[in-house]
Amino acid sequence: MFRFFKELYHWADVQGHRIPAVPRNLGITALFLCAAYYASSILIGHTGGENNSALVFVLAVALISLLTSGYIYGIAASIIGTFCINIYFMEPYNAFSLSRTGYPVAMLSMIAISCVVCALTARVKRQALEAVRRERSTKALYEMNEKLNAEKAAIQLESDRISIRENILRAVSHDLRTPLTSISGAVAVLLESPEVSPKNLAMLHDIKQDADSLIVMVENLLSVTRVQDGTIPLKKQEEMLEEVAGDALLTTRRRFPDFHVELDLSEDILYLPMDSILIKQVMVNLLENAIRHSGDREHIRMCLYRKEDWAIAEVQDRGRGLSPEVCQAVQAGQPIPRSLSGDSTRGMGIGLSVCQNIIKAHGGFFTADNLPAGGAVFRFGLPMEEQPA
C-alpha cells in the first residue's frame, strides 16, 4: 500500500510539474485552502464550540509551503486561513469580528507560526535541492574521473607498447648489425680475389651492395629509436657545416663510385652548434635516397647557404620527383604511406624519419618538394645560434 501511494505521489508530481509554476502554485494553494475549509466545516458539526479549525488550516499552510515554491504562497495561505477561521468558524459566524477575548493574539500567533512553518519548509526544500545538485555534481565528477583514468590507462598502455616495440627493434637491429658487417667484409675480401669468375663477381657486387644497404637501414633504425626516446643526448659543438657536408660526400662517393654527386657552397661560412655525427647521417641519408630512388645518376648535388638566422642544406636531383603523398607525409612528419613502400621507395621512409627526428632534435626544420624544372629537393635548416631549451 505504501509503495502504491509513493508511486501515485511520484506520478502526480511529474504531471504537476508539466504545468507552469505560477498556475500550479495557485492551484495547490486554492486546493488545500478549500480542503481545509470543508474539513473544518465537517469538524465544527461534530465538535460545536470545540473548534479545531486553526490546526486544520495550519496543516494546510504547511502542505502548501511544502508543495509550492517560495514563501509567498504559504504566507498568503496563512493570512487567508486566519480570516476564514474568523469569519466562518468563530462566533459570530459569517462576520468578521475581533471582539472575542484573546482572538487578536491568537490570530497573530497563527500567522507567525504559519510564517515560521513556511520558512522552515522552504529551507528544507532548498537543502534537498542542494543535496540533489551536489549528488549530480559528485556523480559527474566521478564519471569524469573514471573517464580520465580510462584515458590515462589507454595512454600508458600505448606508451608501453611503443616502448616494447622500440626495445625489440633496437635489440633486433643490434643483432643484425654484426652479421651484416661480417657479410660485407667477407664479400669485400672475395671481390679482391683474382680467382673469382666474372659471373660470381657480379653476384658478389650485388651481395655487397645489398649488405651495405641493410647496414645503413639498421643504423637508421637504431638512430631513430634512440633519438625518439632520448637515449642519445645531442653532443653539440661549434662545427663548420661545409666540413660535415664534405665528409658526407666522401662517404657517399665511396659507397656509390659510379654516381656523380656535387657539392655547391656559398660564400658564407656556416659555423654553428650541431652534433656533427648525426648531421652527417642526415646528409648521407638524403644523398643515398637521391641515388637510390630518383633515377638520376648525373645531376645530384648538395647546396649549402645561409638564409637569415638559418643554415640551409639542400639535396637536389633531376629524377622522377616525388608523389604528392610522399611530399605530404614529409611535410606532416609522418612515415611514407605503405602503398608506396615497394621496391622503388624501399628504405626511404626509415631514412627520412631518421632525418626528421635528428633535425627536430636540433630545433630545425625539414621539408621536401618537387623542383619546377623536374626532380626533387629535400631541404633542412639549422639555427645559426644555440636555441634556449
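Right above here is the structure, for reference.
Residues numbered from 1 in each chain as written. Predicted model: local features only at pLDDT ≥ 70, side-chain atom pairs only at ≥ 80, totals over all residues. Heavy atoms only, no water.

A. Region of the structure containing the overall build of the protein. Helix and strand content of the protein: ten helices and seven strands. In the protein, the share of contacts with a sequence separation of at least 24, taken over all contacts with a separation of at least 6, comes to 71%. (Helix = DSSP H or I, 4+ residues; strand = E, 2+ residues; numbered from the N terminus. Contact = heavy atoms within 4.5 Å.)

B. Fine view of the packing of helix α7 (residues 241-255) against helix α8 (residues 276-293). Running from amino to carboxyl end, α7 crosses α8 at an angle of 45°, the nearest separation of the two axes being 9 Å. When the axes of α7 and α8 are compared, the pair comes out oblique. Taken as a pair, α7 and α8 cross one another with a handedness that is right-handed. On α8, the residues that touch L241, V244, A245, D247, A248, L249, T251, T252 and R255 of α7 are S276, I279, K280, M283, V284, L287, E288 and I291. Considering only residue class, the contact of α7 with α8 consists of ten nonpolar, three polar and four charged. (Axes fitted to C-alpha atoms, helices over the stretch in contact; angles between N-to-C directions. Parallel < 35°, antiparallel > 145°, perpendicular 65-115°, else oblique. Left-handed = near helix turned anticlockwise from the far one by under 90°. Nonpolar A, V, L, I, M, F, W, Y, C, P; charged D, E, K, R; others polar.)

C. Representation of the packing of aromatic side chains within the structure. What the rule picks out here adds up to four aromatic pairs. Where W310 meets F365, the ring centres are 5.2 Å apart and the plane angle is 70°; that geometry is what we call edge-to-face. One end of the pair, W310, is in strand β5 (residues 310-316); the other, F365, is in strand β6 (residues 365-370), and 55 residues separate them in sequence. Judged by its relative accessible area of 29%, F365 is partly exposed. Relative to F378, the ring of F366 lies with its centre 6.4 Å away and its plane at 35°, an arrangement referred to as tilted. Within this pair, whereas F366 is found in strand β6, its partner F378 is found in strand β7 (residues 376-383), the two being separated by twelve residues in sequence. As far as the burial class goes, F366 and F378 line up, both buried. (Phe/Tyr/Trp six-rings, centres within 6.5 Å; stacked < 30°, edge-to-face > 60°. Buried < 20%, exposed > 50% of the residue type's maximum accessible area, 1.4 Å probe, protein only.)

D. Looking closely at the environment of K360. Here K360 is to be found in helix α10 (residues 348-361). Accessibility expressed as a relative area gives 67% for K360, which makes it exposed.

E. Structural detail: the environment of L55. Along the polypeptide, L55 turns up in helix α3 (residues 53-67). For the pair L55 and A36, spaced 19 residues apart in sequence, the C-alpha separation works out to 9.4 Å.

F. Up close: the side chain of N25. Inspection of the secondary structure puts N25 in helix α2 (residues 21-47). The buried category is assigned to N25, whose relative accessible area is 2%. Discounting chain neighbours no more than four positions away, the residues touching N25 are L67, T68, S69 and Y73.

G. Representation of the pattern of salt bridges within the structure. Evaluated as defined, the whole model comprises six salt bridges. Linking E130 and R134 is a salt bridge whose minimum nitrogen-to-oxygen distance equals 3.1 Å. Residue E130 and its partner R134 are both found in helix α5 (residues 103-191); the two are separated by four residues, about one turn of the helix. For E130, a relative accessible area of 28% puts it in the partly exposed group. Take R134: its relative accessible area is 53%, and that puts it in the exposed class. Measuring nitrogen to oxygen at the nearest pair gives 2.5 Å for the salt bridge that ties R379 to E314. Residue R379 is found in strand β7, and its partner E314 is found in strand β5; the two are separated by 65 residues along the sequence. Through salt bridges with shared partners, a single ionic network connects E130, R133 and R134. (Salt bridge = Lys/Arg side-chain N within 4 Å of Asp/Glu carboxyl O.)

H. Examining unusual backbone geometry more closely. The backbone of E308 shows a phi angle near 55°, a positive value even though the residue is not glycine. By secondary structure assignment, the location of E308 is in the loop between β4 (300-307) and β5.

I. Broad picture of the sheet that holds strand β2 (residues 261-264). Spatially, the five strands line up as an open sheet ordered β2-β4-β5-β7-β6, and their pairing is mixed. Edge positions in the open sheet fall to β2 and β6, since each of these has one partner strand only. Between one strand and the next, the sheet's axes are offset by a mean angle of 15°, whatever the strand orientation. Pairing between β5 and β7: seven bridges, direction antiparallel. Note that in β7 the partner of V315 across the bridge is F378. (Pairing = 2+ DSSP bridges.)

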